[in-house]
Amino acid sequence: MATLVIAEHDNAGLKGATLNAVSAAQNIGGPIHLLVAGSGCGAVAAAASTIPGIEKVRVVDAPHYAHPLAENLAALVVALAPGYSHILAPATTTGKNFMPRVAALLDVAQVSDIVAVIDADTFVRPIYAGNALATVQSADAVKVITVRSTGFDATAASGGSAAVETVQAAADAGMSRLLGQELTRSARPELTAARIIVSGGRGMGSGENFSILEALADRLGAAVGASRAAVDSGFVPNDYQVGQTGKVVAPELYIAVGISGAIQHLAGMKDSKVIVAINKDGEAPIFQIADYGLVGDLFQVVPELTARL
Amino acid sequence: MKVLVPVKRVVDYNVKVRVKADGTGVETANVKMSMNPFDEIACEEAVRLKEAGIVTEIVAVSIGPAQAQETLRTALAIGADRAILVETAAEVQPLAVAKILQAIAQAESPQLVILGKQAIDDDSNQTGQMLAALLGWPQATFASKVKIAEGNAEVTREVDGGLETLSIRLPAIVTTDLRLNEPRYVTLPNIMKAKKKQLDVTRPEALGVDVAPRLKTLKVEEPAKRKGGVMVKDVADLVAKLKNEAKVI
Ligand SMILES: Cc1cc2nc3c(=O)[nH]c(=O)nc-3n(C[C@H](O)[C@H](O)[C@H](O)COP(=O)(O)OP(=O)(O)OC[C@H]3O[C@@H](n4cnc5c(N)ncnc54)[C@H](O)[C@@H]3O)c2cc1C
Ligand SMILES: Nc1ncnc2c1ncn2[C@@H]1O[C@H](COP(=O)(O)O)[C@@H](O)[C@H]1O
């Protein structure tokens, strides 16, 4: 049977995490269909149709899908579910929001945040902040799954030519409404897609002080992340948070600055290829997982590092 | 209006969990257990709504072993009015938890159910959304601000790109994120008062819910350990290592 992957997009472009979810679907095997639900999302559907290995792109274009409201998106996916053995979405805040609704309406379990596919019924997922990996087998007829991007390499975005099919919208549930958005604007790469991340913690001391990290990030073409303590203290916006309950990242290089290394933070970055820790406390737990540790005052070390690059 | 707050008993967030040698799970014997931190935030939010005169009654619910009574007593000490324990020694997965909560919501008719966004043991992040689906209610997950007005809730949500605000019709489901509030410390007088509050005990069978797990855990393993790294002596050394050894810059 086929797998339905729910594309994540902003009506203008496809979000990268979709390509990791497609890659997980390829590991499951069988034909792959991609659902693009949006409003004025023709360009997204066209882009999606060039992902190699997709059999069909199913497009639903209606005003009530302009924003991925959980009630509407879940009802649509449930209406399209018959005929699919697997339904996948990226484990982003969007996927995490509507997919459990889909699972409950289908009366099946959801397998959250998978990082590996063993076979069509069996998946690996982290539990306890990634301190353990559980291999779970689903007995349900339909597997509803969210995919952790760091577990699967993104599939190619172009080279394919899938059929594009228009699908009837489901009714507007009319239960919820978007009042407004406050999106963080940044010219830097997106955290979950960046090759290099520079993250700051409570040790940064203030939001203004983050400018020294930004200078380093600009030099490296890096994204800027943070610990929960830095977000809670109001130094940076919430979407900078890396960790068990924030974003999970695995860049080529992760530079942790003024971050102690609590398990909840490590849960979000310990799969990075190379980890650098800069901390004035030589006993900080972050040094136990860092490839390169530098004990020193970040206010001296970081500007010097920027200057030497 | 009435608010339901589901609270889960989990391994305390400060505990470094160990995987059992036989690969069946993690060690929970003699390990400190606490209320899931997101559920503490949920209790606190309900109490603040009560203090603001919007909420009249707070009912805390936990599904778990007899010891989950302690978790419920904590909820009562934070300020819940009464508690319900749905007692079972079995592992109860999010879909079954949602079905139990659905049965309780149908009996209690709350206008709002505030759950944590995620239990820090299973890291599922499912139950609230599933409960919303089963009840046919709207949802606002990952809340960092909740405002109740005229049969609606205005909820600011923490999303990947920043923040967004939804208006949802009541009755509704809200799940908490870290920045919603800072839970108060429970005081000794409130712990004493909590001991006298009503705590009813029921069982999943009494609510007509089959809790048989849908997901079978085949094994639990420790993740691959990172090899210990090196300490560099200064910035020049660090730059050299990143360039020549790690070759990442
Ligand atoms: C339910 C729950 C969920 C959580 N989720 C997350 C999550 O997703 N992500 C997350 O990050 N945390 C999370 N946490 C919080 C986590 O437990 C830690 O509290 C947090 O990660 C600490 O942040 P920090 O390392 O910045 O702060 P601290 O632990 O206070 O560390 C600050 C560090 O900065 C160093 N420092 C200070 N000044 C300087 C200087 N001038 N130069 C160099 N170094 C300096 C200090 O030596 C110290 O090591 C969660 C906690 C809970 C309970
Ligand atoms: N056994 C339980 N008893 C009470 N509430 C629970 C239980 N399991 C989950 N919940 C609630 O659902 C939220 C999300 O849990 P989960 O979906 O398991 O990550 C928790 O923060 C609790 O509010």
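Anything mentioned here points back to the structure above.
Residues numbered from 1 in each chain as written. Chains lettered and ligands numbered in written order. Predicted model: local features only at pLDDT ≥ 70, side-chain atom pairs only at ≥ 80, totals over all residues. Heavy atoms only, no water.

Q: Whenever I open this one, the overall build of chain B confuses me. Can you help?
A: The helix and strand tally for chain B stands at six helices and 13 strands. Sorting the 249 residues of chain B into buried and exposed places 55% on the buried side. Taking as baseline every contact in chain B between residues at least 6 positions apart, the subset at least 24 positions apart corresponds to 69%. Here chain B contributes 34 positively and 32 negatively charged side chains, and the mean placements of these two sets differ by 3 Å. (Helix = DSSP H or I, 4+ residues; strand = E, 2+ residues; numbered from the N terminus. Buried < 20%, exposed > 50% of the residue type's maximum accessible area, 1.4 Å probe, protein only. Contact = heavy atoms within 4.5 Å. Lys, Arg positive; Asp, Glu negative; His and termini not counted. Charge placed at Lys NZ, Arg CZ, Asp CG, Glu CD.)

Q: In this structure, what is going on with the nonpolar core? I would like to understand it.
A: A general tendency of soluble globular proteins is for nonpolar side chains to be buried together. Ranked by internal contacts, the top residues of the largest apolar core, which has 54 residues, are Ile-6 and Phe-98 of chain A. Top element by residues in this core is helix H3 (residues 94-108) of chain B. It accounts for eight residues. Residues contacting Phe-98 of chain A, with those up to four places away along its chain left out, are Ile-6, Ala-70, Leu-73, Ala-74, Val-77 and Ala-89 of chain A. Counting residues in hydrophobic clusters, the runner-up holds 43 residues, among them Val-7, Ala-68, Leu-112 and Ile-168 of chain B. (Core = buried A, V, L, I, M, F, W, Y, C linked by side-chain atoms within 4.5 Å.)

Q: Help me understand the packing of aromatic side chains, please; the structure alone is not making it clear to me.
A: Residue and element names in this part refer to chain A. Across all of its chains, the model carries one aromatic pair over all chains by this definition. Each ring, one from Phe-210 and one from Phe-235, has its centre 6.4 Å from the other, and the planes form 55 degrees; the classification is tilted. Here the residue Phe-210 occupies a position in helix H5 (residues 210-220), and Phe-235 occupies one in the loop between helix H6 (228-232) and strand E14 (253-257), the gap between them amounting to 25 residues. Exposure class is identical for Phe-210 and Phe-235. Each is buried. (Phe/Tyr/Trp six-rings, centres within 6.5 Å; stacked < 30°, edge-to-face > 60°.)

Q: Which parts of the structure should I look at to understand the pairing of strand E9 (residues 143-147) of chain A?
A: Within a regular strand, the side chains alternate between the two sheet faces. Residues and elements named next belong to chain A. For E9, a buried count of five out of five residues is recorded, marking the element as mostly surrounded by other parts of the structure. Going residue by residue along E9, you find Lys-143, Ile-145 and Val-147 tucked away on one face and Val-144 and Thr-146 tucked away on the opposite face as well. Alignment of strand E4 (residues 84-90) against E9, held across five bridges, turns out to be parallel. For Ala-89, the partnering residue across the bridge sits in E9 and is Thr-146. Inspection of the sheet shows strand E5 (residues 110-114) paired to E9 by three bridges, in the parallel sense. (Pairing = 2+ DSSP bridges.)

Q: Explain the sheet that holds strand E6 (residues 116-119) of chain A here, please?
A: Hydrogen bonds between backbone groups are what pair the strands of a sheet, and the pairing can be parallel or antiparallel. Strand order in the open sheet formed by four strands is E6(A)-E7(A)-E8(A)-E12(B), with antiparallel pairing between adjacent strands. Bordering the open sheet on either side are E6 of chain A together with strand E12 (215-221) of chain B, each of which pairs with just one other strand. Adjacent strand axes in the sheet meet at a mean angle of 30 degrees when their direction is disregarded. Of the pairings in the sheet, the one linking strand E7 (residues 122-127) of chain A to strand E8 (residues 132-138) of chain A comprises six bridges and is antiparallel in character. Directly across from Arg-125 of chain A, in E8 of chain A, lies its bridge partner Ala-134 of chain A. (Axes fitted to C-alpha atoms, helices over the stretch in contact; angles between N-to-C directions.)

Q: Just to check I follow, could you spell out the site of ligand 2 for this structure?
A: Residue and element names in this part refer to chain B. In the vicinity of ligand 2, 18 residues are found, and the nearest of them are Asp-39, Ile-63, Ala-119, Asn-125 and Thr-127. Contact between ligand 2 and Thr-127: an oxygen atom at 2.7 Å from a side-chain N or O atom of the residue. Burial of ligand 2 by the protein amounts to 98% of the accessible area it has alone, namely 480 Å². Counting residues per element, the ones that place at least two in the shell around ligand 2 are strand E4 (57-64) and strand E6 (112-116). A breakdown of the residues in the shell around ligand 2 according to their chemical character gives seven nonpolar, eight polar and three charged. (Near = heavy atom within 4 Å. Polar contact = N/O pair within 3.5 Å; in protein donor to acceptor, adjacent residues only side chain to side chain. Areas by Shrake-Rupley, 256 points an atom, 1.4 Å probe, with all protein chains shown as cover. Nonpolar A, V, L, I, M, F, W, Y, C, P; charged D, E, K, R; others polar.)

Q: In this structure, what is going on with the interface of chain B and chain A? I would like to understand it.
A: Often, the extent of an interface is quoted as the loss of accessible area upon association of its parts. The interface of chain B with chain A comprises 75 residues on the first partner and 84 residues on the second. Taking both partners together, chain B and chain A bury about 6,700 Å²; carbon and sulfur atoms supply 55% of that area. At the surface where chain B touches chain A, the tally comes to five salt bridges. Arg-226 of chain B is paired through a salt bridge with Asp-291 of chain A; the nearest N and O atoms lie 2.8 Å apart. Counting across the chain B and chain A interface gives 50 residue pairs in polar contact (both at pLDDT 80 or more). Residues belonging to the side of chain B that touches chain A are distributed by class as follows: 36 nonpolar, 15 polar and 24 charged. (Buried area = accessible area lost by both parts, 1.4 Å probe. Salt bridge = Lys/Arg side-chain N within 4 Å of Asp/Glu carboxyl O.)

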